[in-house]
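Okay, here's what each chain looks like letter by letter:
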Amino acid sequence: MKTERAPIGFIVNGAPASVSTAPLRRLSSVLRDDLGLTGTKVGCDAGDCGACTVMLDGEPVCACLLPMASVEGAAVRTVEGLGGGGLSALQASLLAHGAAQCGICTPGILVAATALLERNASPSEAEVQDALGGVLCRCTGYRKIVAAVLDAHRHLPGGDPDLRLPPAGQAVGASPVRLDGVAKVTGAEKFGGDSFPADALSVLVVRSPHHRAAFSFGDLDAYIAGNAGVAAVFTAADIPGVNCFGVIPPFADQPALADSEARFRGEAVALVACEGWVARELDLAEFPIQWHELPAAMEPATAQAAGAALVHAHRPDNILVQGVAERGDPETALANAAVIVSSEIETCYVEHAYIEPEAGYAFVDDGVLTIVACTQAPHMDRDDTARVLGLEPDRVRVVPTATGGGFGSKIDVSLQPLIGLVALKTGRPAALAYSRTDSMASTTKRHPAAMQATIGADADGRIRGMLFSGDFNTGAYASFGPTVANRVPVHASGPYATPNYRAVARAIHTNGPVSGAFRGFGVPQATLMQETLFDALAYRLGIDRLQIRLQNALRNGSETVTGQRLEAGVGIADCLTALAPHWTRALTDADIFNASQSVVRRGVGIASCWYGCGNTSLPNPSTIKLGITPDGKVALHQGAVDIGQGSNTVVAQIAADALGLPLGDFTLRSADTAITPDAGKTSASRQTYVSGKAAEKAARTLRERILRYANVSADASLQLLSGGLLLVHEGGERRRIDLALLAPDGDGLVFAAEESYDPPTTPLDARGQGKPYAVYGYGAQIAELEVDMALGTVKLIKITAAHDVGKAINPLLAEGQIEGGIAQGIGMALMEEYIPGRTENLHDYLIPTIGDVPPIETVLVEVPDPEGPFGAKGLGEHVLIPTAPAILNAIRHATGASVRKLPASPTRIVEAINRARSR
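Rules used throughout
- Residues numbered from 1 in each chain as written.
- Predicted model: local features only at pLDDT ≥ 70, side-chain atom pairs only at ≥ 80, totals over all residues.
- Heavy atoms only, no water.
- Salt bridge = Lys/Arg side-chain N within 4 Å of Asp/Glu carboxyl O.
- Axes fitted to C-alpha atoms, helices over the stretch in contact; angles between N-to-C directions.
- Helix = DSSP H or I, 4+ residues; strand = E, 2+ residues; numbered from the N terminus.
- Left-handed = near helix turned anticlockwise from the far one by under 90°.
- Contact = heavy atoms within 4.5 Å.
- Nonpolar A, V, L, I, M, F, W, Y, C, P; charged D, E, K, R; others polar.
- Pairing = 2+ DSSP bridges.
- 1 Å grid on protein atoms, 1.4 Å probe; cavity = no way out; pocket = protein on both sides within 12 Å on 5 of 7 lines; lining within 4 Å.
- Points joined across faces, edges and corners; volume = space filled by probe spheres on them.
- Buried < 20%, exposed > 50% of the residue type's maximum accessible area, 1.4 Å probe, protein only.

Draft legend 1. Spatial organisation of the pattern of salt bridges. As enumerated under the stated definition, the model contains 40 salt bridges in all. Three or more residues are tied together by salt bridges with common partners; here these are Glu531, Asp535, Arg545 and Arg549.

Rendered as C-alpha cells:
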C-alpha cells in the first residue's frame, strides 16, 4: 500500500520547487530521484559518511537524515548550485590541488567547505578540519582537500581549467588538472546510481542472515500475487547459464545466487523485482524462505581441524591453494647466523569502505544486454555475466559509470549478473543500488592473516636467511585467494637481498566473508611481519634501523628470492637515502620530547616496501586505441577504468607526448566494452605501467602512420587546427592535410592505431623460481607519533614518504595516490576491523577521518625502469604497504612494546605495554 503523500514546497538552488511526497521521505531521495540533482550522493543513508551534505538555510546538513516535512519553506543548496554557471573559487581550487580523486565524496566536501568559507573566508586548518569532520573520503587522504580549502581565496570563480593543459611534448612530468575533473567538482559526474531509467524495475536482494545455512523457499507465486507492484521473484533455478563466477577462471566457484546452501553471511539467494515505490516500502523479512542454520567455520584453524566440514567438496582440508618461494638453504643459514629473531603477527578483515556502494542498471536493446554500473574490470564483468546468463560475450555490453572508489573489491562482479537476469527475464530495465549494509556484508575484504617468521643476520647486520609462513583466510569463495597466496611468498622478504629463503602462504576456506583484492594483494600483511622483524634485528645488533635496511637493500644486479636478476631501475636504496635527513631530524625531535615526558612518549618508525606491477607470472595484456577524427581531435579509446587514481589523465599524457600533440587536442572515449579495447582490470598497480605502455606504443604507431602519409621524416612536428586541418611541419616546409576529405573507419577515425603490451614475465617453478614481474616499484616511509602509556592512544605527528615512481607522469596525482594510500594504511594499523554481522556500517566500522591523517611529506624518487612508458612504474598499491609497519615500529620505539595483532587499538597497545613491562 502506498504511503500518503503531501505537497511540499521549498527553494532549491535559488529556484522554487514543489513535490508531492511522503512527509517522512528523505530529502536525499527527493533531490536525486524527483529533481534529478544527483550531485547529492548517498553513501550510507545513516548520516555517517556525509556524502549527501547539502545546505539547509545556509547550514550544512545530511540530506539522508532530513525528512521532507522539515524542508517545507526552506532553502536548499546542493553542489549544482555552488558555481553560479561556472566554477566557484573553491571548485577551481579543488581541481588545481588534485583534491578530487574518484569524486564521490567531493560534492559533500564542497558543500560543507562552502558553508564554512561563506561565514569565514580565512579559516585556520583546525577550523577546516572541524567543518569537514563529518564527510568521509577514502581516496585522497584529506591533505589536498585541506590545502584546497585554505587556498580557495587565491582562485577566481569561473576560471578555465583547460588553460593549465601543457603544450606538445610537455605533458609527461606536468600536473595538469584531471581531464575528467570538472564533472567531479560540479556534481555532473554520473556514478552507478545516478542515471537509472525512469521505468526501471527496482531489484531487491534476499541475503543469508547466517554464516552457513541450508534454505528452502515457500510459495513464491503467492508472494508475488499478494504484493502489489512486485513483478517477479528469481532464484538460482532461474539462471539460464552456468551459475558460477570468479576473477580467476580455473578457480571460479561463486554462484550469482546460492542454490540450497549459503556459505557466508550476506550471500545472495533470491531477487525481488518490483516497482520503485514498492522498493522503498517492502519488508524482505516477510519473504517466504526457511533457514536451517549449519555449523560454520570462521577461522582457518577451525576449518582445518579434524572432521571439519568442507566449504567446497573438491578442496581437501579447505585449502584453496598454497604458494611458495624457496632458494638456498634457510635452515642452515639461520643455524649459522650471529643473530636470529622470530615473531608472529595477526591481522583481521579490512573493509574497502569506498563511499559509493555498488550500483547500476541493465536493459536489453536489439538483442544485446547492456549493463551500466560501477566497476574496475568491464571486460571481466562482461565475460562473467555472459557465462552466468548463458549468453555469448558479444551479446553483453558493459558500460562503466564513474566509480566511487574500488581499491580491488569492484573487480569481482557483484550486481551485474543480478540486474542482467532481471532485465533478460522481464524485458524491462532493472536497477539496483546496494545499501551500505548490503555492500559491506556481501563484498570482498582484505584477507585476515596469521603469520610467523624468523630472520637471521651476521654480526654486521647482513641478512643470511629467512623463513616465513602465513595462513590467509580466503573466506567462502576463491576470488583473488590464489593471487594472494602466490604473491605473498615473492614479496615477504621485502626489498632486501635474502640469499637463503623459504616462504609459504596458504589460502584457506572458511565461512567468513569472501576475501579478495585490496590494495596490495596480501603484501601489506606480509610486510608487517618482515619489517617489524627488521626492527627487532636492528635493536639486537645495535644498528640504526634505517641503516640496516639500506645495507641490505636490493640494487641493480641483485637477485630476488625468486632468482630474478634485477638489471635496472631498482630504487629502494634511493628512497631510503632520501629519507635519511628526515630520519635524523625525527629521532632528534623524539629524544628532546621524551626527555621531558613520561606518560606520553614519542616514537619514530620506518618501513620499506616493494611491489611487482601487474599479474604474478601470468599474461597481463592491455590494448589501447587512438586516432584522429575528421574535425581535428585525437580520440583516445581509453579502456583503463579510472576509479580515482587518474588513468584517464595519465594515459592521455603518455599518449600525447608519444604522438607529439598537445594534451588539449585529446578527447576521451572512456571504457565501454563496445568501443574500447580491453585494457585489463584496474588493479595491481598496472594501469600507468601496462596500459600506459600500450598507449605509448599506439601513439608512436599513429605518429608513424601520419608521417608516412605526409611523406616526411621522424623529425617532423604535428599541429591540429580548428576546422579539421592537420599541419605537418618539417624544417621550413609545411604540409596541410584536410581531414574532412579522408574516409573515416568504423570508429570515425581518419588515422588510427591500436597496440597491445604484455609485460615480459616467466612462470614460477615448483620452488617459486622465475620472473614473476617485469617491473617493481619501491618505497619507504617514516612515521612519527606519540603514545599515551596509560591509555594506549596514538597521536600521529607526521608521515614522510619516499616512493620510486620511475618517472612521475603527473606528480600531483602521484602525491595524491601516496596520501590516499597512507590514510588507508593508518586505518589498517590503528582502527579498522571488520566483524561480520557487527560492523556492517560506517558508524561501527571506523575509517580515518580528516582529523586522523597527520601532515604528510612526499618525496618523489625517479629511478626510471626501461620497461615502463617514459620510465614510469606503478604506484597505487605500493603507497599503502609501508604505512602500518612504520606505525607499529614507531609504537615499539615509543613504548618498548610490540603489538602483535592489528589494528593496534588502545586496548591492545596497553596489553602490549604491560607484557613488555612484565618480562
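Moving on from the coordinates now.
Draft legend 2. Broad picture of the packing of helix 15 (residues 523–541) against helix 21 (residues 883–895). In the contact formed by helix 15 and helix 21, the axes pass within 9 Å of each other and the chain directions differ by 35°. As helix 15 packs across helix 21, the resulting crossing turns out to be right-handed. Along the contact surface, helix 15 presents Thr527, Leu528, Glu531, Thr532, Asp535, Ala536 and Tyr539, while helix 21 presents Ala884, Pro885, Leu888, Asn889, Arg892 and His893. Looking at the contact of helix 15 with helix 21, its residues break down into 6 nonpolar, 4 polar and 3 charged.

Draft legend 3. Molecular detail of the sheet that holds strand 12 (residues 319–327). The 5 strands are arranged 12-22-21-20-13 in an open sheet whose pairing can be described as mixed. Lying at the two open borders of the sheet, with one neighbouring strand each, are strand 12 and strand 13 (339–346). Pairwise comparison of adjacent strand axes, ignoring direction, gives a mean angle of 5° for this sheet.

Draft legend 4. Representation of the layout of surface pockets in the model. Space inside the second largest pocket adds up to approximately 940 Å³. As for the second largest pocket, its lining consists of 43 residues, of which Val247, Ile248, Asn615, Leu618 and Lys681 are closest to the centre. For the lining of the second largest pocket, the secondary-structure elements that each account for two or more residues are strand 12, helix 11 (378–389) and helix 14 (481–491). Looking at which element gives the most residues to the lining of the second largest pocket, the answer is helix 11, with 6 residues. Taken together, the residues of the lining of the second largest pocket break down into 21 nonpolar, 14 polar and 8 charged.

Draft legend 5. Inspection of the environment of Met789 at higher detail. Here Met789 shows up in the loop between strand 31 (776–788) and strand 32 (794–804). When its relative accessible area of 13% is taken as the criterion, Met789 is described as buried. For the pair Met789 and Thr332, spaced 457 residues apart in sequence, the C-alpha to C-alpha distance is 41 Å. With near-sequence residues (within four places) excluded, Met789 lies in contact with Ser598, Val599, Arg601, Ala894, Thr895, Ile913 and Arg917.

Draft legend 6. Layout of unusual backbone geometry. For the peptide bond that leads from Leu902 to Pro903, omega is 0°, which places it in the cis range. Residue placement: Pro903 occurs in the loop between helix 21 and helix 22 (906–918). Located in the positive-phi region is Asn318, a residue other than glycine, with phi close to 60°. When you line up the elements, Asn318 lands in the loop between helix 9 (300–304) and strand 12. Backbone geometry places Ser617, a non-glycine residue, at a positive phi of 55°.

Draft legend 7. A look at the sheet that holds strand 5 (residues 75–77). On the basis of which strands lie adjacent, the open sheet formed by 5 strands has the order 2-1-5-3-4 and mixed pairing. On the outer flanks of this sheet lie strand 2 (15–21) and strand 4 (59–62), each paired with one strand and no other. Averaged over all neighbouring strand pairs, the angle between strand axes comes to 40°, with direction disregarded. For strand 1 (residues 6–12) and strand 5, the ladder comprises 2 bridges, and the chain directions are parallel.

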